[in-house]
Amino acid sequence: MTYQFNPEEKLTLAKIQEIIDKKMTLALSDEAKRRIEKCRNYLNHKMETQKVPIYGVTTGFGSLCNISISKEQLSQLQKNLVMSHACGVGDEVPAEVVRLMLLLKAQNFCFGYSGAQLQTVQRLIDCYNDDVLPVVYQQGSLGASGDLCPLANLMLPAILGMGDVYWKGRRCDVKEVYEAKGWQPIELQSKEGLALLNGTQFMSSYAVWSLLKAMRLSKQSDMVLSLSLDAFDGRIEPFYESLHMVRPHKGQLETAAAVREMLDGSEIIKRHKEHVQDPYSFRCAPQVHGAAKDTIRYVASVVETEINSTTDNPIVLPDEDMVISGGHFHGEPLAMVLDFLAIAVAELGAISERRTYQLIDAKRGLPSFLVAKPGLNSGFMIPQYAAAAIVSQSKQLCTPCSVDSITSSQNQEDLVSMGGNAATKCYKVCENTERVLAIELFNAAQALDFRHQEGLKSSPKVEAMVADYRKVVNFVDIDEIMYKHIHSSVRFLQTMAL
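To keep things clear, this report deals only with the structure shown in the data block. Just so we're clear, the structure is a prediction, and the values are computed from it rather than from any experiment.

## Regarding the overall build of the chain
A count of helices and strands for the chain gives 19 helices and nine strands. The C-alpha extent of the chain, read off along each of the three principal axes, is 85 × 50 × 45 Å. Of all 498 residues assigned to the chain, the portion counted as buried reaches 55%. Sequence-distant contacts in the chain: of pairs separated by 6 or more residues, those separated by 24 or more amount to 79%. Per element, the accessible surface of the chain, about 20,900 Å² overall, is 53% carbon and sulfur.

Written out as structure tokens, the structure reads:
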């Protein structure tokens, strides 16, 4: 199957998920090709007829914007830009995010406001389709002049034929790929290097990945909550629709409804309760999970606007006969929502860890640390430690990046978003919360098995989920090596159908 970039159709998060799941190839629609070529032809004509310098087209970059470049040096200027800006350091960007960077950069060009050559855009698509993934590094972007460092590292192999890539399951010099495929380095035309590097595709690719993960974690949090609530012998009243209609936040209503549906038919939830109230981590879950849902929804609206926009500089407007140097590369819209998303996802982890603690605390007929012979066996004591450590790290990662700025480029770029840092730490928080939720699932399934020993059953949906889980993680009767079970629990969440 093939997805065609069409500037007249919105690229949604759902469509990106479909592209990933179905391993679709990419292609340019006829309309996208027409717009790309129209813009490039206009820019060529503009350079021939306009004598006034055009930023990034006939001038240097950043604080060097007042230095004019001769016509003979324009291609070298763009090549130099890519080479000199490829300064990424730190850990490598995960392959799934690099693929998104290629996809979203091609999407950015298909609107026809960047001046890129058609062959340049096609090369990005070829890299995606042939799984030629440039080695990109996580550190280096200020999230303001575009994601300069990571995008330069992306384009160095893809466009100029320099640097390393991952191809056919291994890391290699990109020259090996060029020889195998008969590719040649693309000779960049005016403005192209700047168009390749100026943009928010590093931030937005991390944002897309994190949002898709967050949406999945939100659903799974409700499912695991339902299991924990029943295993804890909790009350269903805090999830009644009539209660939430008097404070009808959308996410709150959705969470309560999801738990009611998940627990429909449970023997445990229906039985008489001696306790009047549950702890906040159960009773207030609709409010906490719901707030996270509403945050995810808002962040998604911002990110979908971003990935359906042109975010480089200058912007070429053929129909208006204008080339305008502006600030569409600035990452502030993404930096703020990535900080917000990290907070929301971290809270899903924080409340999950609290439920894990309640389950091991020898309450409501459950044994200490969820093991039949505590003392001789430590049982589930230390998985909670691991969850607590992860949650603590996520809290530290939630210090907002978007409030920071460090001046760069001789004070020309005097306020930056630090959205690149917001992007990478949000990714980490999503991974952390998945692990914390996996630990809660590990504990809750164990606790439910003790209810089974009492002759009680949960709902058909909960029992079916636990039955699937028990195919990969067994009941722990006496002390075992636990990290293997936790890792299996993480994989279960990553692969389970929703």
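## Things to note about the sheet that holds strand 6 (residues 164-167)
Pairing in this open sheet of three strands is antiparallel, and the strands run 4-6-7 from one edge to the other. Either end of the sheet is taken by a strand with one partner, and the two such strands are strand 4 (133-134) and strand 7 (170-173). Where strand 6 and strand 7 come together, four bridges link them in antiparallel fashion. Each bridged residue has a counterpart across the sheet, and for W167 the counterpart in strand 7 is R170. Helix 7 (residues 174-181) rests against strand 6 and strand 7 of the sheet, and its axis sits at about 85 degrees to strand 7.

## Description of the side chain of E306
One can find E306 in helix 14 (residues 285-307). Setting aside its immediate chain neighbours within four residues, E306 contacts T200, S204, T311 and L334.

## Structural notes on the layout of surface pockets
Here the largest pocket defines a volume of roughly 770 Å³. What lines the largest pocket is a set of 25 residues, among which Q17, I20, D21, W209 and L212 lie closest to the centre. Elements with a minimum of two residues in the lining of the largest pocket: helix 1 (13-21), helix 4 (95-109), helix 5 (118-129) and helix 9 (201-231). Grouping the amino acids of the lining of the largest pocket by side-chain chemistry returns twelve nonpolar, four polar and nine charged.

## Brief notes about the nonpolar core
Counting 140 residues, the largest nonpolar core has F5, I159 and V208 as its most contacted members. Here I159 is in contact with T120, R123, L124, Y178, P185, I186, L188 and L196, once residues within four sequence places are set aside.

## Looking at helix 5
Taking 1.5 Å per residue, twelve residues should reach 16 Å; helix 5 reaches 16 Å between its end C-alpha atoms and fits that length. Restricting attention to buried positions, one finds in helix 5 the residues T120, V121, R123, L124, I125, C127 and Y128. Downstream of helix 5 by a residue or two, D131 has a phi angle that is positive, lying close to 55 degrees.

## Comments concerning the packing of aromatic side chains
One pass over the full model with this rule turns up ten aromatic pairs. Considering the side-chain rings of F202 and Y206, the 5.1 Å spacing of their centres and the 70 degrees angle between planes classify their relative orientation as edge-to-face. Of the two residues, F202 and Y206 both sit in helix 9, four residues apart, roughly one turn of that helix. F202 gets classed as buried once you look at its relative accessible area, which sits at 0%. What makes Y206 buried here is its relative accessible area of 1%. A ring pair is formed by F380 and F442, whose centres lie 4.6 Å apart and whose planes are at 50 degrees; its orientation type is tilted. In this pair, F380 is assigned in the loop between helix 15 (332-360) and helix 16 (381-397) and F442 in helix 17 (residues 419-453), connecting sequence segments 62 residues apart. No difference in accessibility class separates F380 from F442, as the two residues are buried. Counting every residue linked through ring pairs, the aromatic cluster contains F202, Y206, W209 and Y427.

## What to know about helix 3 (residues 74-85)
With twelve residues, helix 3 ought to run about 16 Å at 1.5 Å a step, and its terminal C-alpha atoms sit 17 Å apart, in line with that. Turning to helix 3, its buried residues are L74, L77, Q78, L81 and V82. Along the axis of helix 3, the buried residues cluster in a sector spanning 130 degrees; they form a single face. Taken together, the buried residues of helix 3 touch helix 2 (30-49), helix 6 (148-160) and helix 8 (192-197).

Here is what the cut-offs are and how they apply
Sequence order sets the numbering: in each chain, residues are counted from 1 along the sequence as written. Under the rules for a predicted model, residues below a pLDDT of 70 receive no local features and side-chain atom pairs below 80 are neither given nor counted, while totals for whole chains, interfaces and linings still include all residues. Neither water nor hydrogens contribute to the side-chain values; these are computed over all heavy atoms in the structure. A run of DSSP states H or I qualifies as a helix once it reaches four residues; a run of E qualifies as a strand once it reaches two. Both are numbered from the N-terminal end. Any residue under 20% of the maximum accessible area for its type is buried, any over 50% is exposed, and the rest in between are partly exposed; the area is computed with a 1.4 Å probe on protein chains only. Contacts are assigned to residue pairs that have any heavy atoms within 4.5 Å of one another. Surface accessibility in these figures is a Shrake-Rupley result with a 1.4 Å probe; residues are shielded only by whichever protein chains are displayed. When DSSP finds at least two bridges between two strands, those strands are taken to pair. Note on geometry: axes are lines fitted to C-alpha atoms, helical ones only across the stretch in contact, with angles between N-to-C directions running from 0 to 180 degrees. Points on a 1 Å grid, built from protein atoms alone, make a cavity when a 1.4 Å probe fits but cannot get out and make a pocket when they are open with protein on both sides within 12 Å along at least 5 of 7 lines; residues with an atom within 4 Å of a point are the lining residues. Grid points are joined across faces, edges and corners, and a volume is the space filled by probe spheres set on the points. In this classification, the charged set is Asp, Glu, Lys and Arg, the nonpolar set is Ala, Val, Leu, Ile, Met, Phe, Trp, Tyr, Cys and Pro, and all remaining amino acids, among them Gly, are polar. For our purposes a nonpolar core is just a set of buried Ala, Val, Leu, Ile, Met, Phe, Trp, Tyr and Cys residues, chained together by side-chain atoms within 4.5 Å. Given the number of residues in a helix, its expected span is that number minus one, multiplied by 1.5 Å. When the centres of two rings from Phe, Tyr and Trp lie within 6.5 Å, Trp using its six-membered ring, the rings pair. Their planes under 30 degrees apart give stacked, over 60 give edge-to-face, and anything left gives tilted. The arc in question is the one traced by the directions running from the helix axis out to the C-beta atoms.

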